[in-house]
Amino acid sequence: MNILILGGDGYLGWPTAMHLSGKGHEITVVDNYLRRRMCRDEDVEPLFDVPNLFERTRIWKAISGNEVKVMIGDLMDWSFVAEVFEATKPDAIVHYAEQPSAPYSMLSRRAATMTIQNNLLVTANIVFAVKEFCSKSQIVKIGTMGEYGTPNIDIEEGWLEVAHQNRREKFLYPRQAGSLYHTTKIMDTDLLWFYVRMWDLAVTDLMQGPVYGLFTDENNDHRLLPFFNYDELFGTVLNRFVVQAVAGYPLTVYGKGGQTRGYLNIRDTLNCVRLSLEKPAEPGQLRIFNQFTETFTVNELAERVKKAAGALGLKVTIRSVENPRKEAEEHYYNPRHTGLLELGLKPNYLTDDVLTRMLEFVMAHKDGIKTHQIYKKVKWD
Ligand code: USQ
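Residues numbered from 1 in each chain as written. Predicted model: local features only at pLDDT ≥ 70, side-chain atom pairs only at ≥ 80, totals over all residues. Heavy atoms only, no water.

Here we come to the overall build of the protein chain. The helix and strand tally for the protein chain stands at 12 helices and 14 strands. Computed over C-alpha atoms, the radius of gyration of the protein chain comes to 20 Å, within 12% of the 21 Å expected from 2.2 N^0.38 for 381 residues, which places it in the range of a compact globule. Taking all 381 residues of the protein chain together, the buried fraction comes to 58%. Within the protein chain, contacts between residues separated by at least 24 positions form 81% of all contacts whose residues are at least 6 apart in sequence. For the protein chain, the accessible area works out to roughly 16200 Å², and carbon and sulfur atoms hold 49% of it. Treating the 44 positive side-chain charges of the protein chain as one cloud and the 48 negative ones as another, the clouds have centres 2 Å apart. (Helix = DSSP H or I, 4+ residues; strand = E, 2+ residues; numbered from the N terminus. Rg over C-alpha atoms; globule rule 2.2 N^0.38 Å. Buried < 20%, exposed > 50% of the residue type's maximum accessible area, 1.4 Å probe, protein only. Contact = heavy atoms within 4.5 Å. Areas by Shrake-Rupley, 256 points an atom, 1.4 Å probe, with all protein chains shown as cover. Lys, Arg positive; Asp, Glu negative; His and termini not counted. Charge placed at Lys NZ, Arg CZ, Asp CG, Glu CD.)

Turning to its location among the elements, serine 137 is positioned in the loop between helix H6 (109–133) and strand E5 (138–144). Residue class for serine 137 comes out buried when judged on its relative accessible area of 5%. Sequence-distant contacts of serine 137, defined by excluding residues within four places in its chain, comprise Pro90, Asp91, Ala92, Ile93, Val130 and Ala202.

For the rest of this paragraph, the subject is the packing of aromatic side chains. Enumeration according to the criterion identifies 12 aromatic pairs in this entry. On the basis of an interplanar angle of 25° and a centroid distance of 6.4 Å, the ring pair of tryptophan 78 and phenylalanine 133 is categorised as stacked. You can see tryptophan 78 sitting in helix H4 (residues 78–88) and its partner phenylalanine 133 sitting in helix H6, a full 55 residues away along the chain. Centre to centre, the rings of tyrosine 148 and tyrosine 173 are 5.4 Å apart; their planes meet at 90°, and the pair counts as edge-to-face. In this pair, tyrosine 148 is assigned in the loop between E5 and strand E6 (159–164) and tyrosine 173 in the loop between strand E7 (167–172) and helix H7 (180–199), connecting sequence segments 25 residues apart. Classification of tyrosine 148 by relative accessible area gives buried; the value is 1%. (Phe/Tyr/Trp six-rings, centres within 6.5 Å; stacked < 30°, edge-to-face > 60°.)

This brings us to empty space enclosed by the protein. Summed over the entire model, instances satisfying the criterion amount to 1 cavity of 30 Å³ or more. Empty space within the largest cavity amounts to approximately 30 Å³. Glu147, Tyr148, Gly158, Leu172, Tyr173, Arg175, Thr189, Met207 and Ile288 together form the lining of the largest cavity. (1 Å grid on protein atoms, 1.4 Å probe; cavity = no way out; pocket = protein on both sides within 12 Å on 5 of 7 lines; lining within 4 Å. Points joined across faces, edges and corners; volume = space filled by probe spheres on them.)

Glancing now at a nonpolar patch on the surface. Where nonpolar side chains cluster on the molecular surface, the patch consists of Trp78, Phe128, Phe194, Met198 and Trp199 and spans about 440 Å² of accessible area. Take phenylalanine 128: it is sitting in helix H6. (Patch = residues over 30% accessible without salt bridge, like charges linked within 9 Å, V, L, I, M, F, W, Y side chains within 5 Å. Salt bridge = Lys/Arg side-chain N within 4 Å of Asp/Glu carboxyl O.)

The next subject is the sheet that holds strand E3 (residues 68–72). With respect to topology, 7 strands assemble into an open sheet ordered E3-E2-E1-E4-E5-E8-E12, the strand pairing being parallel. The open sheet terminates on both sides in strands that have one partner only, identified here as E3 and strand E12 (285–291). With strand direction ignored, the average angle separating the axes of adjacent strands in the sheet is 20°. With 5 bridges connecting them, strand E1 (residues 2–6) and strand E2 (residues 26–31) associate as parallel partners. Paired with isoleucine 3 across the bridge in E2 is isoleucine 27. (Pairing = 2+ DSSP bridges. Axes fitted to C-alpha atoms, helices over the stretch in contact; angles between N-to-C directions.)

Attention shifts here to the pairing of E12. Counted residue by residue, E12 has 6 buried out of 7 residues, so it is predominantly covered. Taken together, the 7 bridges between strand E8 (residues 202–208) and E12 define a ladder with parallel strand orientation. Note on E12: the bridge partner recorded for methionine 207 is asparagine 290.

As structure tokens, this is what we get:
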């Protein structure tokens, strides 16, 4: 397939590009380096430097023999979007091109409006571009489990059948997000659902939980590793805990630590995206999968990291800190996640070996850890 990866520079975008390129697909990555700029602006650098996209594609070509094309520009700008779609006429679009951080979206009015503008306008531009340049191509959009929030009933995969006054109808499962970022993901799902109904687009929405990890089959050469953020804005919780364990920084459990989420290894993100592309949604279908492999509370993650780090001789403490977020710290959580398993996903679970490998890598990069960026207390209220 000829595949466009929008947001191809990010934590997940670049590993996805290599993975699909390695499987023989023709890949073009598109990015405007927004993530790199936001990190610089907020003084939260990743653990190690990552080469730019042109350099990454040169290294990947030398190793794999595969060419990945690069286009740099802003997907909020229609003239650039048109140029990209005209030049590539893709069979499929993987849409990662969003501001992905919940805490960033709660920083300020400016950060909030940037998140709304970027995430919604880019999604809308993709819809218009598909209609105009490649109406048969499929869209795989990265959504988030956070769209559902933490309701006191089981979470279905995208849809809920409602019986009301002796009649039945299927609706999008009720969504009630816990941050402005997560709210924009609800809104872009609504945009896509509207145009699926109007224009028969074929869309898969992958409702992803927090991702952890660094290593994939394609990045044995460390110059090809993804960004590894461990700061409060862009680091996901398990990646943060691994770095905190190595730095001797007490693991920052927010509040009671009973917050439960569905987690997945970065390898499984790549597999889920590939499986969705290989078995596409039908025209006129919004297909939704809950994309995670296992659930943990924050307390459980902290204990797991403490144990694995202890085996490496690291002395780790866990500290409950004031929760900067407004979220339930103890709650019911039972989301279904059978769709991707049925497509063929073979999960990579969180084992001690996985944690040990991450810890050892971070130990070798310990000098790069800047502890001031770990806990900045970006308040939800
Ligand atoms: N948490 C702590 N301590 C920390 C950091 C986080 O207790 O030091 C807690 C948070 O309060 C939250 C949970 O850990 O309850 C997960 O936090 P996170 O920062 O790993 O994840 P989140 O902000 O929800 O966002 C991440 C990605 C986002 C994706 C989302 C999936 O950044 O792009 O959409 O995970 S989900 O959480 O399922 O919505």
